[in-house]
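Structural description and commentary
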Amino acid sequence: MDGKHFEATARRRTLAAACLLVGIPAALAIGIGMAIDDGELRKTLYTAAITLVFAGLLGGLLKMQLDEVAAFKRRQEDAAAFVTHVLADLKGVFDEVARARILIPAHQSVATHGEEMRALILARVQLRNVIRALERRTDGIDEATRSEVTRQVRRMDHFVETLTTEFRDHYKALSDQQRGYEERARVLMKQFGEDLDQQVPPALPAFVWQAISRLPRLADFMGPATAYQAEFEAPLDEASAWLRDELARILGSTSARRRSASRRSSP
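Anyway, here's the lowdown on the structure attached to this text. It should be emphasised that the depicted structure is a prediction, and the values quoted were computed from it without experimental measurement.

1. Here we look at the packing of aromatic side chains
Overall, the coordinates contain six aromatic pairs when judged by the stated rule. Measuring from centroid to centroid gives 6.0 Å for Phe159 and Tyr228, while their planes differ by 55 degrees, and the two rings are tilted. One end of the pair, Phe159, is in helix 4 (residues 143-194); the other, Tyr228, is in helix 7 (residues 226-250), and 69 residues separate them in sequence. When its relative accessible area of 2% is taken as the criterion, Tyr228 is described as buried. With a centroid separation of 5.8 Å and an interplanar angle of 45 degrees, the aromatic rings of Phe159 and Phe232 are classed as tilted. Highlighted residues: Phe159 in helix 4 and Phe232 in helix 7, separated in sequence by 73 residues.

2. Thoughts on the side chain of Glu116
Checked against the element boundaries, Glu116 lands in helix 3 (residues 110-136). Since its relative accessible area comes to 4%, Glu116 is described here as buried. Here the side chain of Glu116 touches Arg99 through a polar contact of 3.3 Å, side chain to side chain. In contact with Glu116, other than residues within four places in its own chain, are Arg99, Ala100, Leu103 and Ile104.

3. Considerations on the environment of Ser109
Looking at where Ser109 falls in the secondary structure, it is placed in the loop between helix 2 (39-107) and helix 3. In this structure the C-alpha to C-alpha distance between Ser109 and Leu174, which are 65 residues apart in sequence, comes to 9.8 Å. Once residues lying within four places of it in the same chain are set aside, the contact partners of Ser109 are Trp209 and Ile212.

4. Section: the side chain of Arg146
Looking at the element boundaries, Arg146 is found in helix 4. Arg146 has contacts with Leu134, Glu135, Arg137 and Ile141, leaving out every residue within four places of it along the chain.

5. Brief notes about the environment of Phe94
Among the structural elements, Phe94 can be located in helix 2. Along the chain, Phe94 and Met156 lie 62 residues apart, while their C-alpha atoms are 9.7 Å from each other.

6. Overview of the nonpolar core
With 46 residues, the main nonpolar core has Val83, Leu90, Val97, Phe159, Leu218, Phe221 and Phe232 as its most contacted residues. No other element matches the eleven residues that helix 2 contributes to this core. Contacts of Val97, omitting those with residues within four sequence positions, involve Leu120, Val160, Phe221, Tyr228 and Phe232.

Rules behind the numbers
- The residue numbers shown here count from 1 along each chain, following its written sequence.
- Residues qualify for local features only when their pLDDT is at least 70, as the model is predicted, and side-chain atom pairs are given and counted only at 80 or more; totals for whole chains, interfaces and linings, by contrast, use all residues.
- Only hydrogens and water are removed before side-chain values are computed, so all heavy atoms of the structure are retained for them.
- Pairing of aromatic side chains here covers Phe, Tyr and the six-membered ring of Trp, requires ring centres within 6.5 Å, and sorts the geometry by plane angle: under 30 degrees stacked, over 60 edge-to-face, intermediate tilted.
- Runs of H or I in DSSP of at least four residues are treated as helices and runs of E of at least two as strands, each being numbered from the N terminus.
- Each residue is placed in one exposure class: buried if its accessible area under a 1.4 Å probe, protein chains only, is under 20% of its type's maximum, exposed if it is over 50%, and partly exposed if it falls in between.
- Two N or O atoms count as a polar contact when they lie within 3.5 Å, although within protein this holds only if one can serve as hydrogen donor and the other as acceptor, and sequence-adjacent residues are included solely when both atoms are side-chain atoms.
- By definition, residues are in contact when any of their heavy atoms lie within 4.5 Å.
- For the purposes of this section, nonpolar cores are sets of buried Ala, Val, Leu, Ile, Met, Phe, Trp, Tyr and Cys residues that join through side-chain atoms within 4.5 Å.

Here's what the structure looks like:
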């Protein structure tokens, strides 16, 4: 049973209970009034019955209205919390990807490349969780917003997938080269340590980093970032804009409703 059905059932039960609570005493009062000969007492009983009916029903209706307001408030808070969490998840993914763009070229090592790609694998898991949450969410979120944000997050997920797939396909060969690099670097540094006349450390071989930087997706990611901007940043910005408008709409912003309507009408 979904939340809306449960609330509707609860409202019907509240109204039925109110009717019983006022109907039975009112019927008894009317019955007693019909059975007695005292006109004044009969009039008093009829008046009391009518007052009880109106007061009870009005009280029941008022309680239903208050329950509806409280239920709406709960749904509004739940929808706002959901949108806020999605925005926070997307921000966390962006932070991971932005960090990788800085650390991989800065360290220029297989180890850092591997660490940051593993972090992107976890970031992709987070994106997949966002997609699943959006697909299952049907209450309180505008359908056009839910559909568009899901589409944009899928684009982000696809971009991260291309990087992690490239990492998966080449990491073994790069690791083998790294072991050769470490052995050669150890020999060069040992020679430098034994030659007390040499003041400048030797230039360490760069063949491993050259192999890493030739990976096409990674090279673009670290350099011109053409795919990164088109396939990750742009959909992130678009999804975030839709979510911020949706959050404002949920919280009652008139300008957000206008922006949302404009987005839905855009081709």
